[in-house]
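# Secondary and tertiary structure notes
Okay, here's what each chain looks like letter by letter:
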Amino acid sequence: MKIDFPLVVIRGAGDLASGVALRLQRAGFPVVMTEIAQPLAVRRTVVFAQAIFDGFCQVEEVGGRRCELEEAPAVAAQGEVAVVVDPAGEALRQLQPPVVVDAIMAKRNTGTRRADAPFVVALGPGFVAGVDCHAVIETDRGHNLGRVLWEGAAAPDTGEPGELPGGGRRGSRVLRARDAGHVLGRFTIGDRIEEGAEIAVVRNASGGEYSSIAPFAGVLRGLIHPSVAVTAGMKIGDLDPRADVAYCFTVSDKALAIGGGVMEAILMGLARLK
């Protein structure tokens, strides 16, 4: 039996947004994702934002294709995730999707409103269910990860990345820029890196450079695209102490859990609208 699933527009095409898109597309939902012209994602082997740079990318078995907004519904209907440069949110006005998911992960509401679509879902802190959107999905690791909240807000942002087994407190797995500039990687995503190795160099506008050093041994799980201008404090990479190369090329457990929560919310929300 063929089921006609409604179009879903996801704002953002980074790590967690891509886990949401993957689960929805697998279930049969046509998906359009919107991004900025220079995406800030670091886990570039598992994000649909990579299509902005390459024209086409693949997250696990699902293809993502950069296209113009007018082409997006047809691309999505053909079984690919359509990825559109759309910082102004024109997709919501032109496509008028039944479902919108805010997955920008700005830790604040950058403009999403409950009136944007018949059903609006938002990820993580910065939103209040029933005010900014219809449902909020918990993104904080722990007992409530992926839980659908029909009222209230998700746990507040701690400002600290969740710990992965093996990292302990020797140093953060998240690599951050100390100055503005561009990141020149010394390794490729998926490479094994020893403690103390120079992972990347950040070169500033005046030609000065500083090194990003591995705080522990692991596998490079993410590195920002070299064309993206970074600012001081920005996340530029991810070093995984579990050292399993396969994790670099598959969507994370966290992203899949959140994707499951989004699907639950959408199905419940659409049933309530009938």
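Our subject in this report is the structure included herewith. (Residues numbered from 1 in each chain as written. Predicted model: local features only at pLDDT ≥ 70, side-chain atom pairs only at ≥ 80, totals over all residues. Heavy atoms only, no water.)

Across its full length, the protein holds five helices and 16 strands. Against the 2.2 N^0.38 benchmark of 19 Å for 274 residues, the protein shows a C-alpha radius of gyration of 19 Å, consistent with a compact globule. Projected onto its principal axes, the C-alpha positions of the protein cover 60 × 40 × 35 Å. Sorting the 274 residues of the protein into buried and exposed places 50% on the buried side. A separation threshold of at least 6 residues defines the contact pool for the protein, and within that pool the share at least 24 residues apart is 54%. Accessible surface computed for the protein: about 12,400 Å², of which carbon and sulfur atoms make up 51%. (Helix = DSSP H or I, 4+ residues; strand = E, 2+ residues; numbered from the N terminus. Rg over C-alpha atoms; globule rule 2.2 N^0.38 Å. Buried < 20%, exposed > 50% of the residue type's maximum accessible area, 1.4 Å probe, protein only. Contact = heavy atoms within 4.5 Å. Areas by Shrake-Rupley, 256 points an atom, 1.4 Å probe, with all protein chains shown as cover.)

Let's shift gears to the environment of A117. Relative to the helices and strands, A117 is located in the loop between β6 (99-102) and β7 (119-123). Overall, A117 belongs to the buried group, its relative accessible area being 9%. A117 sits 16 residues away from C133 along the chain, and the two C-alpha atoms are 9.4 Å apart. Beyond its immediate chain neighbours, meaning those up to four positions away, A117 contacts P97, P98, V99, V100 and H134.

Turning next to the pairing of strand β3 (residues 56-59). Side chains C57 and V59 project from β3 onto a buried face, and the interleaved F56 and Q58 project onto a face without burial. Two strands pair when backbone bridges link them, and β3 and strand β4 (residues 62-66) are joined in this way by four bridges, in the antiparallel orientation. Residue pairing in the sheet places V59 in a bridge with V62 of β4. The turn linking β3 back onto β4 is made up of two residues, and E60 within it adopts a positive phi angle of 55 degrees. (Pairing = 2+ DSSP bridges.)

For the rest of this paragraph, the subject is the state of the cysteines. Simply put, the disulfide is a covalent bond whose two ends are the sulfur atoms of two cysteines. In the structure shown here, the tally under the stated rule is zero disulfides. Summary of cysteine pairing: C57 is not part of a disulfide, and the nearest cysteine sulfur, belonging to C67, is at 12 Å. (Disulfide = S-S within 2.5 Å.)

Time to look at the sheet that holds β7. Spatially, nine strands are ordered β3-β4-β5-β2-β1-β6-β7-β8-β9 in an open sheet, and the strand pairing comes out mixed. Each of the sheet's edge strands pairs with one partner strand only, and the pair in question is β3 and β9 (148-149). In this sheet, β7 lies alongside β6 in parallel orientation, the contact comprising four bridges. In the sheet register, V100 faces β7, and the bridge partner there is V120. Sitting on the sheet, helix α1 (residues 15-27) touches β1 (8-11), β2 (31-35), β3, β4, β5 (81-85) and β7, and the angle it makes with β2 is about 165 degrees. Helix α5 (residues 253-273) contacts β1, β6, β7, β8 (135-137) and β9 of the sheet and is inclined by roughly 160 degrees relative to β7. (Axes fitted to C-alpha atoms, helices over the stretch in contact; angles between N-to-C directions.)

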